[in-house]
Amino acid sequence: MPCRVHRALPRRRHCLLSRPQDCSASLELDNKRVKSLYRRAQAYEALDKLSEAFKDLKLAIHIDPKNKPAIVAARRVKDALAAQIQDQSPVAQTVRELTADDTLADRRIALLKSLIGTTVDDVGSSLEVLRRQGLPVLWEITKATNSETEAHLAIRCMASMASHVPVADALIAELSLAEIVGLVEGYPALAVGAVGLLLRLLTKCSKPQAVAAGGGEADGTLSTGELEAAEVGRCDVAIDAWAAAMASSEAEVRDAALDAVVNWCSEEAPKWATPVPEEDARRLPMSERKAVQEAEARWKAVIGVRASRVCQSVEVAMAMFNLLDSESSSERQKALAAFGRVAAAIPDPEMVQTLLEPILSASPGTGGDLSFMRRKAALASAMFLAHQEVGVFVLGRSTAVQELVMLISSGDDIGTAAAAETLCLAASNEQGRALLAPVIESGTLDALLDSPNARARSAAASAIAKLGVASKALDTNSSDTDRLLNTAMLLLKGAEDVEQQEGKKLDAAAAAEDQANSARVTTERAVEVIAALITKSAVKDEIAHGSGRCTQALPRLCAACKDGRSAVAYGLAHIFASLTVTNKDVQRRQLAEKEMDITPEQLEELQRITKQKNDDDEEEDTPQRVAFRTQKIVQNDGIRALVRLADGASESTQLQVAMALRQIAVEVPVRGSMVQHGAFRVCSDLASSPKASVKCVREAAWCLGKILVTTNPNVLTEAQRLDAIPPLMRLLKDHHADELMHFEALLGLTNLASVDDATKNRITSEKGGVRALEYLQFSDHELVRRAATECMTNLLPHPKVVEHLRGESKRLSPDPIERTPMGAPCALCTS
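Being a predicted model, the structure only gives us computed values, none of them experimental.

Reading guide: rules and limits
Residues numbered from 1 in each chain as written. Predicted model: local features only at pLDDT ≥ 70, side-chain atom pairs only at ≥ 80, totals over all residues. Heavy atoms only, no water. Helix = DSSP H or I, 4+ residues; strand = E, 2+ residues; numbered from the N terminus. Buried < 20%, exposed > 50% of the residue type's maximum accessible area, 1.4 Å probe, protein only. Contact = heavy atoms within 4.5 Å. Axes fitted to C-alpha atoms, helices over the stretch in contact; angles between N-to-C directions. Parallel < 35°, antiparallel > 145°, perpendicular 65-115°, else oblique. Left-handed = near helix turned anticlockwise from the far one by under 90°. Nonpolar A, V, L, I, M, F, W, Y, C, P; charged D, E, K, R; others polar. Salt bridge = Lys/Arg side-chain N within 4 Å of Asp/Glu carboxyl O. Phe/Tyr/Trp six-rings, centres within 6.5 Å; stacked < 30°, edge-to-face > 60°. Expected span 1.5 Å × (residues − 1). pLDDT = per-residue confidence, 0-100. Core = buried A, V, L, I, M, F, W, Y, C linked by side-chain atoms within 4.5 Å.

### Things to note about the overall build of the protein
Turning to step 1, where the next piece is worked out: Looking only at helices and strands, one finds 49 helices and zero strands in the protein.
Turning to step 2, where the next piece is worked out: Here the protein holds 831 residues, and the buried ones make up 50% of them.
Turning to step 3, where the next piece is worked out: Of the contacts made within the protein by residues no fewer than 6 positions apart, 68% connect residues no fewer than 24 positions apart.

### Observations concerning the packing of helix α7 (residues 105-119) against helix α10 (residues 148-161)
Two measures define how a pair of helices packs: the angle their axes make with one another and the distance between the axes.
Turning to step 1, where the next piece is worked out: Running from amino to carboxyl end, α7 crosses α10 at an angle of 15°, the nearest separation of the two axes being 9 Å. The angle between the axes of α7 and α10 places the two elements in the roughly parallel class. Classified by chirality, the crossing of α10 by α7 is left-handed. Across the interface between the two elements, Ala-105, Arg-108, Ile-109, Leu-112, Lys-113, Leu-115, Ile-116 and Thr-119 of α7 pack against Thr-149, Glu-150, Leu-153, Ala-154, Arg-156, Cys-157, Ser-160 and Met-161 of α10.
Turning to step 2, where the next piece is worked out: Across the contact of α7 with α10, the residue classes break down as nine nonpolar, three polar and four charged.

### Comments concerning the pattern of salt bridges
Turning to step 1, where the next piece is worked out: Going through the model one piece at a time under the given rule, you end up with 24 salt bridges.
Turning to step 2, where the next piece is worked out: Salt-bridge contacts for Asp-541 lead to Arg-629; the nearest nitrogen and oxygen are separated by 3.0 Å. Note that Asp-541 is positioned in helix α31 (residues 537-545) and Arg-629 in helix α36 (residues 623-635), a separation of 88 residues in sequence. One exposure class covers both Asp-541 and Arg-629, and it is buried.
Turning to step 3, where the next piece is worked out: Through salt bridges that share partners, Asp-325, Arg-374 and Asp-412 make up one connected network.

### What about the packing of aromatic side chains?
Turning to step 1, where the next piece is worked out: Applying the stated criterion to the full structure yields two aromatic pairs.
Turning to step 2, where the next piece is worked out: Each ring, one from Trp-242 and one from Trp-264, has its centre 6.1 Å from the other, and the planes form 70°; the classification is edge-to-face. With Trp-242 in helix α14 (residues 224-246) and Trp-264 in helix α15 (residues 251-264), this pair connects stretches of sequence that are 22 residues apart.
Turning to step 3, where the next piece is worked out: Judged by relative accessible area, Trp-242 falls into the buried class, the value being 0%.

### Some points on helix α41 (residues 694-710)
Turning to step 1, where the next piece is worked out: For α41, built from 17 residues, the straight-helix expectation of 24 Å at 1.5 Å per residue is met to within 8% by its first-to-last C-alpha distance of 26 Å.
Turning to step 2, where the next piece is worked out: The element α41 is extensively covered by neighbouring structure, given that 12 of its 17 residues are classed as buried.
Turning to step 3, where the next piece is worked out: All of the buried residues in α41 are Cys-696, Arg-698, Glu-699, Ala-700, Ala-701, Trp-702, Cys-703, Leu-704, Gly-705, Lys-706, Ile-707 and Leu-708.
Turning to step 4, where the next piece is worked out: Residues of α41 that are buried in the fold lie against α38 (651-664), α39 (671-676), α40 (679-688), α42 (718-732) and α43 (739-753).

### Some details on the environment of Leu-197
Turning to step 1, where the next piece is worked out: Relative to the helices and strands, Leu-197 resides in helix α13 (residues 191-204).
Turning to step 2, where the next piece is worked out: The spacing of Leu-197 and Met-158 is 39 residues in sequence and 6.9 Å in space, taken between C-alpha atoms.

### Structural notes on the confidence of the model for the protein
Turning to step 1, where the next piece is worked out: Counting all residues, the mean pLDDT for the protein is 80, and 81% of those residues have values of 70 or more.
Turning to step 2, where the next piece is worked out: The low-confidence segment residues 614-618, where pLDDT is below 50, has six contacts with residues more than four positions distant or belonging to other chains.
Turning to step 3, where the next piece is worked out: Throughout residues 810-820 the model reports pLDDT below 50, and contacts reaching past four residues in sequence, or to other chains, amount to seven contacts.

### Things to note about unusual backbone geometry
Turning to step 1, where the next piece is worked out: With a phi close to 60°, Gln-133 is a non-glycine residue in the positive phi region.
Turning to step 2, where the next piece is worked out: Looking at the element boundaries, Gln-133 is found in the loop between α8 (123-131) and α9 (134-143).
Turning to step 3, where the next piece is worked out: Phi at Asp-637 is positive, roughly 65°, even though this residue is not glycine.
Turning to step 4, where the next piece is worked out: Position of Asp-637 among the secondary structure elements: in the loop between α36 and α37 (638-645).
Turning to step 5, where the next piece is worked out: A residue is classified by how much of its surface remains accessible, and Asp-637, at 29% relative accessible area, is partly exposed.

### Brief notes about the packing of α43 against helix α46 (residues 782-794)
Turning to step 1, where the next piece is worked out: Where α43 meets α46, the axes come as close as 9 Å, and the angle between the chain directions of the two elements is 20°. One element, α43, and the other, α46, form an angle in the roughly parallel class. Relative to α46, the crossing made by α43 is left-handed. Listed contacts from α46 to Glu-739, Phe-743, Leu-746, Leu-747, Leu-749, Thr-750 and Ala-753 of α43 are Leu-783, Val-784, Ala-787, Ala-788, Glu-790, Cys-791 and Asn-794.
Turning to step 2, where the next piece is worked out: Broken down by class, the residue content of the contact of α43 with α46 amounts to 10 nonpolar, two polar and two charged.

### Considerations on the nonpolar core
Turning to step 1, where the next piece is worked out: Residues Leu-445, Ile-543, Leu-661 and Met-674 are the most contacted members of the largest nonpolar core, which totals 118 residues.
Turning to step 2, where the next piece is worked out: Residues contacting Met-674, with those up to four places away along its chain left out, are Ile-639, Leu-661, Ile-664, Ala-665, Ala-679, Phe-680, Cys-703 and Ile-707.

### A word on the environment of Val-316
Turning to step 1, where the next piece is worked out: Within the secondary structure, Val-316 sits in helix α18 (residues 314-323).
Turning to step 2, where the next piece is worked out: Judged by its relative accessible area of 0%, Val-316 is buried.

As structure tokens, this is what we get:
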């Protein structure tokens, strides 16, 4: 055996192949011989078989941990193996192939596409491209003019790499931002990609916070002024790029620039300036809370600098202003959104007014007076959305309202729609409503209800509804109410066919997009009007049962319920909540919330005596009519519509959804449908959501109790049963809940407690659960006492309840059944 080991000593290269076999033969005789393992590892290393060498060295060190030559060799082989693995990685091979001169064009395109997919979600791969000197390769491909496809893919690859903060910092250090701006100006085919790359670099790079000693504030962070100064240089580069892109003749490039401005002025705050939720902020010490608020203020100042520089740039501001009158509806909407976002990012409304003055004072230019008025009307709309006081400022200029009237009178579709939209937004503001007097007095607003332009009709109807609600001038017998309802119904009926003429000058794809946008806006306005009128019982019945004006109003409203994030989610939820309740019940609830010791009937009599209510206003909204409307909602898939609205909804929308579902659950026959269509699950989620309001949690838990009163718990899944228990227990412990809520929650728990041990365990494991049931056994209301006693009786087989009641029985009088409601379960327990 020693002979074979010595034969394995390295001598000449051509003898290397036989040396591992010699060592292996030696190890067959003694597999723990360290020298043989070490010599075989040397041979493997010389043969570049690093993986096998490392395995032998690890085994040798395991047998003899103090063998220094093996330890040194293992470290050396490990480093060489890591370098070998990196050299064989897909990224390294891709960079080598892109660098090679003999790589075919099709192969280069495939490699670039592969690199985009690899780097977009993997920061490690992106950093490896930098280590392999792949960035100069990609930049050279971008600047080469022989293949636009390769150049476009290369710039996309750099943009995907820049989605990671450390890579974006490295790219900014190595690339020239001015050269990227040059791509936007000089290479139209690469302009979109260049805009995207520049935006990614500016938004993903590290934002300066710490400064060198002696600079900034005492805590070592940049002051607001220093952050603003650091941002100015990058702002100049960005402004040049956005201006060049917006001046392009290609619509795709202009759209990319508008999107870039919106994203740039609404960039998410970096980690050091991320807002802390209010609930978490309350738990912080005062010093930390102040530091968080100051960091948020510094970041808002940075965004304000960007937005103000956009407005100060004549090229960018005027380009955005001119795009407000684009032939493309999509481009007009993007320009409107960009102006609104820029204005909203500037915290001082007076500064916005100052920055807008040159635009509003400019001459009409080549587009003529009509085009200039359309642009100013659209600008006013954007300002009402961003800062209502700025919108009032724009609309309050000397001839602004008269220009809106002229636009409407001109018969121009785009101008009429823009003017009507401005009137609709102005009607939402008290100061704006005061400016609309000339429009109302001249009858222009009423005339818009008969306009052939669906967008104009919908905006005018919404404006009139807002004005009527504000002045309390709308009632059931009002002619305005009838006209508004008629307009809203027609808008719902024709939402799929609106504004087709806008797309006649565009290609089919653009026309389809414009038509879809018009239908969406029309539906939103129709929902606004119906939501304003839905308190009228005649309106409720017409929505539910249909009429000659629109036979499919309720199905269309259900179809409009996409999710809780839509602009009309709250309006739709409010409509369903109003359809499923009587007006007297709404009034009774409002009085209870205000803790007024007066009944709805007494309030009506008081209003009649004080002449605040006319006999003609009396509405016959009975529970029977509510029951019919509820059946119609269920038949038209309204439960699933409400379930969709709960997805991603705001706090106020969640409350309306929970109220609507709870009111639907009043009708016993539909409770099974609520379980089947997902309403039970949604109520469990809402009642357990930490983001939901207290009222929403209470309504959702009450809905669960109602459903469980008459639903066989065995048809529910185990998860559904267990998830319903915590909300019901919280409702029982809610001192602000009324006795009916407690009664129905107790009946629901009683039903659940009869199923199996798992539900009993869940009920008894709730903190204070048994004590809450015991407390309600002494309620002032007899039915609540009986329901609590029945629930405790159903829980009796559980050991925790038995133990609790046995303790209670020792403290009771000799005749517990007659003296207290605890007697019944205690008697069962002790018998």
